[in-house]
Amino acid sequence: MLGAPSINVASDWLSEFRSELQQTHATLLSNPATQSAQSILSLDWADGAVFLATCQHWISTRLASARLHFVSLIPTTLQISRLQSIAQQHPEFAGLIDQLQAIWPSWQTGFHRLHLEQGQISLTLVFGDYAQLSEISGPIDVIYLNSEFKSSLTLIHCKQLRRIATANSVVIGQGNDPLQRQHLAQVGFIVPPPSVVNFWSATTRQTRHSSYVAPIEPGAIILGAGMAGCAMANQLAERGWQIKLIDAQADIASQASGNHVGLCHPTLSRDDNFQARLSRAGFATTQQKLKQLSQQGTTIHFGAEGHLQLAKDSAAATLMQLICTEQPQLHQMVRWLDRQQCQTQLAIDCELGGWWFPEGMWANPHSICKGYINQYPDLIKLQLNTQVDHIRFIDQRWHLFDANQQCIASSKTLILANANDATRLIPDTQLPLSASLRSVSKVWSDDLPESTFSLSGLSYLTPALAGWRCAGASLVDTQYPQYAEQQNLDDLSQLIGTAVLTSKPVETRLCFRPNSSDRLPLAGQLPEHNNIPRSVDQLFQIPRQPGLYGLLGLGARGMTWHVLIAEMLACQLNQEPLPMERSLVAAIDPARFALRELRKKGKGLAVPPQLSF
């Protein structure tokens, strides 16, 4: 932890670190490329001392438009209560510590991005050891080395540090370990000679080519004003972008995002697959975002009274119990409840038990979308009732045309968040998107057993909003859509274990749910499918359509992961460190399907997308 004693943060060490930090920060501010957004990686959390000292210095010297990204490796055994030891010794950190404690993650695995100081500071906690360096993205302006565990910082780890560094990055080290210095020099850092000074700084070689470039023109068109498009507009507006948000309907959240209430909770798998990891990270991000918007006075209809996911059969019950046993680190997120526990704790009778998510959420999608837009009214311009017939790339800009060949708008950056309609506009991209027709029924809450939490199994039931609860979402037989409502009521009766007798007319809504072939979203720059070389074997080698991005295929878990993937794409567009593992970014890359196609044809090497760095 940069030599600082655990818990007891020595004042002389902190003072010396601040002095080194001040010099490094002055160097960064002299470089125009790092003035507006700065990013720091710390190889040790140091009980929060390094982060707190950095934040305090940055707050006092930042530019008005600046953002700070702080990424830190952190042990899985850390207790948040240890921050109090720093607060007692350094009361100047009390405000930041209070913010941290309010949003500290409940479970300690994977990546967690926390936002402080009204979003101007983003802290990304990376739970684990140096092996996690391969999952961290750049660009990183400053790297704080760790001297306490320097013997495990191998040449391979130093190569990962060089990968995320830019042509102007600075390394702050401590002590004079010769092997550590040798490794850094071998990968391309300019390391100063050993000296009696406790802290030292290394830099990258100016001649090295850097793949990181300045952010593009801060303006974009986003097509689609559902949860994905509105969240994307919000994330870019937060970074100062001018956004034109276009939708063909008469109101926002009118298609797949148009249900009265949606549910938000993680999922799990025994092998902790991509969907489980993405839903876990997405749930935490959505939870944090909605709470922060609400605290800022934005009207959003949501709650977090918990969610019970019932086992569908005895085999599922056995598997659900096994997963909870094998993944105890997620105990704060999910617990297995047997039949007796469900009756005692939740007053619900079920045959097999299920997973209880104590922080499971529900929300009204329309209010979320409205909140995203209203947070930045001067930067997000909404244009409804606008049908885009086709798009063309002309003079380095994307132009949107109506059926009469009139140009609706143009921009260097176009983001498609319009579900399956994207395939009509970009047929050559060959994205494996589909849509299933689903139905959701609004049932008067007094006609159902009283409960405040949501319930799911073979179907689902939401808590009440304005007196109505939502049940669904059964697959609609397109030949007999008139039976959709009764199917929902039958499924609901089976879910709650009693017949549903309605005193008020049930309202049933049919809508298409956008899906991808692997049940993961598509988020990132869209591939140029017709121009892929035969020699491609990794995702980064696939050519992309300039300025064209997608936020598509959210499926049944749109509420859970829409905020996370919108922030991920916003970070990509702004050359910022990403909020989740690089393997997850690869798993949702729209070009993954083209890579799989090449593999099937034998044109490329069999490299799984999640390993393609």
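Heads up: these notes are all about the structure in this document. Because the structure is a prediction, the values reported are computed rather than measured. (Residues numbered from 1 in each chain as written. Predicted model: local features only at pLDDT ≥ 70, side-chain atom pairs only at ≥ 80, totals over all residues. Heavy atoms only, no water.)

1. What to know about the sheet that holds strand β12 (residues 302–303)
Our working rule: Here the rule is simple: two strands pair whenever DSSP picks up at least two bridges between them. Starting at the N terminus, helices and strands are each numbered in turn, a helix being any DSSP run of H or I of at least four residues and a strand any DSSP run of E of at least two. When checking whether two residues touch, look at their non-hydrogen atoms; a contact exists if any pair is within 4.5 Å. For every element, the axis is a line fit to its C-alpha atoms; helices are fit only across the contacting stretch, and the angle between N-to-C directions ranges from 0 to 180 degrees.
Read from one edge to the other, the open sheet built from three strands follows the order β11-β16-β12, with strand pairing classed as antiparallel. In the strand order of this sheet, the two ends are held by β11 (262–264) and β12, each with one partner. The sheet contact formed by β11 and strand β16 (residues 361–363) spans three bridges and is antiparallel. Among the inter-strand pairings, Gly-262 is bridged to a residue of β16, identified as Ala-363. Along the sheet, helix α8 (residues 274–295) contacts β11, β12 and β16; its crossing angle with β16, the most-contacted strand, is approximately 55 degrees.

2. Thoughts on the packing of aromatic side chains
Quick note on the threshold: What counts as a ring pair is set by centres within 6.5 Å for rings of Phe, Tyr and Trp (its six-membered ring), and what kind of pair is set by the plane angle: stacked under 30 degrees, edge-to-face over 60, tilted for all other angles. Working definition: with a 1.4 Å probe on protein chains only, accessible area under 20% of the residue-type maximum means buried, over 50% means exposed, and in between means partly exposed. Lysine NZ or arginine CZ positioned within 6 Å of the ring centre and within 35 degrees of the ring normal marks a charge as sitting over the ring.
The final tally for this structure, using the stated rule, is ten aromatic pairs. Measuring from ring centre to ring centre gives 6.2 Å for Phe-70 and Tyr-144, while their planes differ by 55 degrees; the resulting arrangement is tilted. Taken together, the residues Phe-70 in strand β2 (residues 67–74) and Tyr-144 in strand β5 (residues 140–144) connect sequence positions 74 residues apart. The residues Phe-70 and Tyr-144 share a single accessibility class, namely buried. Ring centres of Phe-393 and Trp-398 lie 4.9 Å apart, and the angle between their planes is 45 degrees; on these two criteria the pair is classed as tilted. The ring centre of Trp-444 lies 3.5 Å from the NZ or CZ of Lys-504, which sits over that ring.

3. Considering the nonpolar core
Heads up, the condition is: As used here, the term nonpolar core means buried Ala, Val, Leu, Ile, Met, Phe, Trp, Tyr and Cys residues forming a set that is joined through side-chain atoms within 4.5 Å.
Within the largest apolar cluster, 71 residues are counted, with the highest numbers of intra-cluster contacts made by Met-232, Leu-236, Trp-355 and Leu-551. Residue contributions to this core peak at eleven residues, all from helix α14 (residues 558–573). Residue contacts for Trp-355: discarding those within four places in its chain leaves Leu-268, His-307, Leu-308, Gln-309, Met-320, Ile-323, Cys-324, Val-334, Arg-335 and Trp-336.

4. Details of the pattern of salt bridges
What counts is decided by this rule: When a carboxyl oxygen of Asp or Glu lies within 4 Å of a side-chain nitrogen of Lys or Arg, that pair is called a salt bridge.
Under the criterion given, the structure shown has 16 salt bridges. One salt bridge in this structure joins Arg-67 and Glu-576, with 3.9 Å as the shortest N-O distance. Here Arg-67 is found in strand β2, whereas its partner Glu-576 is found in the loop between α14 and α15 (582–587), with 509 residues between them in sequence. Look at Glu-576 and you get buried, because its relative accessible area is 4%. Lys-442 is paired through a salt bridge with Glu-507; the nearest N and O atoms lie 3.5 Å apart. Of this pair, Lys-442 sits in strand β22 (residues 433–444) while Glu-507 sits in strand β26 (residues 507–516), placing them 65 residues apart in sequence. Each member of the salt-bridge network shares a partner with another, and the members are Arg-67, Glu-238, Arg-239, Lys-289 and Glu-576.

Note that all results are geometric; they support no functional claim without further evidence.
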